[in-house]
Amino acid sequence: MERQKAEAVIEAILFTMGDSVEIGRLADVIEEDKKTTREILADMKTRYEREDRGISIMELEDSVQLCTKAELYEYLIKIAKAPRKFVLTDTVLETLSIVAYKQPVTRVEIERIRGVSCDHAINKLLEYNLIMELGRLDAPGRPLLFGTTEQFLRSFGVKSLEELPEMNPVQIEEFKQQAEQEAQLQLNI
């Protein structure tokens, strides 16, 4: 397929899908290998930036997505309803961090680490599309396994889980102490 036609096809697919699309699937559609498809995507991304366009191509692990440029957000708000903002309480953030660093992880494992029930936090994270069910553990009761989503990556500005900062032992110890204090408060109520 001619290069200009391939770019048009990729752009149309990314625009129409709205969500991310695996690079391998794009390569199949334009009948190119992944390396060539990545080169085409890189050229498109560079051109969008050079021409100061209102869109950009965001890479998420082995997928890409067509997005509006972040610096144009204030203009989008003027035309669209304000997007729903979600509030991540300390409890929800702690639960999210456990899922991010330990995935795939079960509810019981999260509760063991936190020392308290995490039903509410998990439900909120599922509602916000920051975590998802990955399947079931091959163990008695077949508990659900949770992991993070692409929305998690977008929300925290990372392209892959490898970009998450490493936790140092002092932070981990402080986290355990906070969870123990929270558990004590729950018992006293």
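No experiment lies behind these values; they were computed from the predicted model shown. As a convention, each chain's residues are numbered from 1 in the sequence order in which they are written. For this predicted model, a pLDDT threshold of at least 70 governs which residues receive local features, and a threshold of 80 or more governs which side-chain atom pairs are given and counted, while totals over whole chains, interfaces and linings are taken from all residues. With hydrogens and water excluded, all non-hydrogen atoms of the structure serve as input to the side-chain values.

S.K.: What exactly am I supposed to notice about the nonpolar core here?
M.R.: A general feature of soluble globular proteins is that nonpolar side chains tend to end up buried together. Nonpolar cores are built from buried Ala, Val, Leu, Ile, Met, Phe, Trp, Tyr and Cys residues. Side-chain atoms within 4.5 Å join them into one set. Remark: exposure states derive from per-residue accessible area (1.4 Å probe, protein chains only) relative to the maximum for the residue type, with buried under 20%, exposed over 50%, and partly exposed in between. The biggest cluster of nonpolar side chains holds 20 residues, and the ones touching the most others in it are Ile110, Ile131 and Phe152. In this text, helices come from DSSP runs of H or I with a minimum length of four residues, and strands from runs of E with a minimum of two, each type numbered from the N-terminal end. Counting only elements with at least two residues in this core, the list comes to helix H5 (90-102), helix H7 (119-127) and helix H8 (150-155). By residue number, the principal contributor to this core is H5, which donates 5 residues. Any two residues having at least one pair of non-hydrogen atoms within 4.5 Å are treated as being in contact. Sequence-distant contacts of Phe152, defined by excluding residues within four places in its chain, comprise Leu96, Ala100, Asn129, Leu130, Leu161 and Leu164. One finds Leu14, Ile30, Leu41 and Tyr48 within the second-largest nonpolar core, a separate group that totals 14 residues.

S.K.: Is there a simple way to think about the pattern of salt bridges in this case?
M.R.: Pairing between side chains of opposite charge can happen when the charged atoms of each approach one another. Every case where a carboxyl oxygen of Asp or Glu lies within 4 Å of a side-chain nitrogen of Lys or Arg is listed as a salt bridge. By the definition in use, this model includes 15 salt bridges. When the shortest N-O distance is used, the salt bridge between Lys34 and Asp62 registers 3.4 Å. Here Lys34, found in helix H3 (residues 34-50), pairs with Asp62, found in the loop between strand S2 (55-60) and strand S3 (63-68); they are 28 residues apart in sequence, far enough to count as distant. A salt bridge links Arg142 to Asp138; the nearest nitrogen and oxygen atoms lie 3.8 Å apart. Overall, Asp138 belongs to the exposed group, its relative accessible area being 73%. Salt bridges sharing common partners tie together Arg3, Glu7, Asp43 and Arg47.

S.K.: Looking at this model, I keep getting lost on the packing of helix H2 (residues 23-30) against H3. Mind explaining?
M.R.: Between two packed helices, what matters for the description is the angle formed by their axes and the separation of those axes. Here, axes are lines fitted to C-alpha atoms. For helices the fit covers the stretch in contact, and angles between N-to-C directions go from 0 to 180 degrees. Closest axis-to-axis distance for the H2/H3 pair is 9 Å, and the angle between their directions is 100 degrees. Taken as axis vectors, H2 and H3 run roughly perpendicular relative to one another. Together, Ile23, Gly24, Leu26, Ala27 and Ile30 of H2 and Lys34, Thr37, Arg38, Ile40 and Leu41 of H3 make up the contact between the two elements. Every angle not falling under 35 degrees, over 145, or within 65 to 115 is termed oblique; those three ranges are roughly parallel, roughly antiparallel and roughly perpendicular.

S.K.: Help me understand the sheet that holds strand S5 (residues 131-136) in this model?
M.R.: Each strand in a sheet pairs with its neighbour through backbone hydrogen bonds, running either in the same direction (parallel) or in the opposite one (antiparallel). Read from one edge of the open sheet, 3 strands run S4-S6-S5, paired in antiparallel fashion. Whereas interior strands pair on both sides, the edge strands pair on one side only; in this sheet they are strand S4 (105-106) and S5. Pairing analysis gives 5 bridges linking S5 to strand S6 (residues 144-148), with the strands arranged antiparallel. The partner of Glu133 across the bridge, within S6, is Phe146. Against the sheet, H5 makes contact with S4, S5 and S6, and its axis sits at roughly 95 degrees relative to S6, the strand it touches most. When DSSP finds two or more bridges between a pair of strands, those strands are recorded as paired.

S.K.: What's the story with H3 in this structure? I'm lost.
M.R.: What sets the pattern is the α-helix's 3.6 residues per turn: residues three or four places apart point alike. A helix's residues, less one, multiplied by 1.5 Å, set its expected span. Taking 1.5 Å of rise per residue, 17 residues should cover 24 Å, and H3 covers 24 Å from first to last C-alpha, within 8% of that figure. For H3, the set of buried residues is Thr36, Thr37, Ile40, Leu41, Met44 and Tyr48. The buried side chains of H3 occupy one side of the element, clustering within an arc of 140 degrees when seen end-on. Every exposed residue of H3 that faces more than 90 degrees away from the buried side is listed here: Lys35, Glu49 and Arg50. Packed against the buried residues of H3 are helix H1 (3-17), H2, S2 and S3. Between the side-chain oxygen of the N-cap and the backbone nitrogen of Lys35 there are 3.3 Å, and the N-cap of H3 in question is Asp33. Note that the arc is computed from the directions linking the helix axis to the C-beta atoms. Two N or O atoms count as a polar contact when they lie within 3.5 Å, although within protein this holds only if one can serve as hydrogen donor and the other as acceptor, and sequence-adjacent residues are included solely when both atoms are side-chain atoms.

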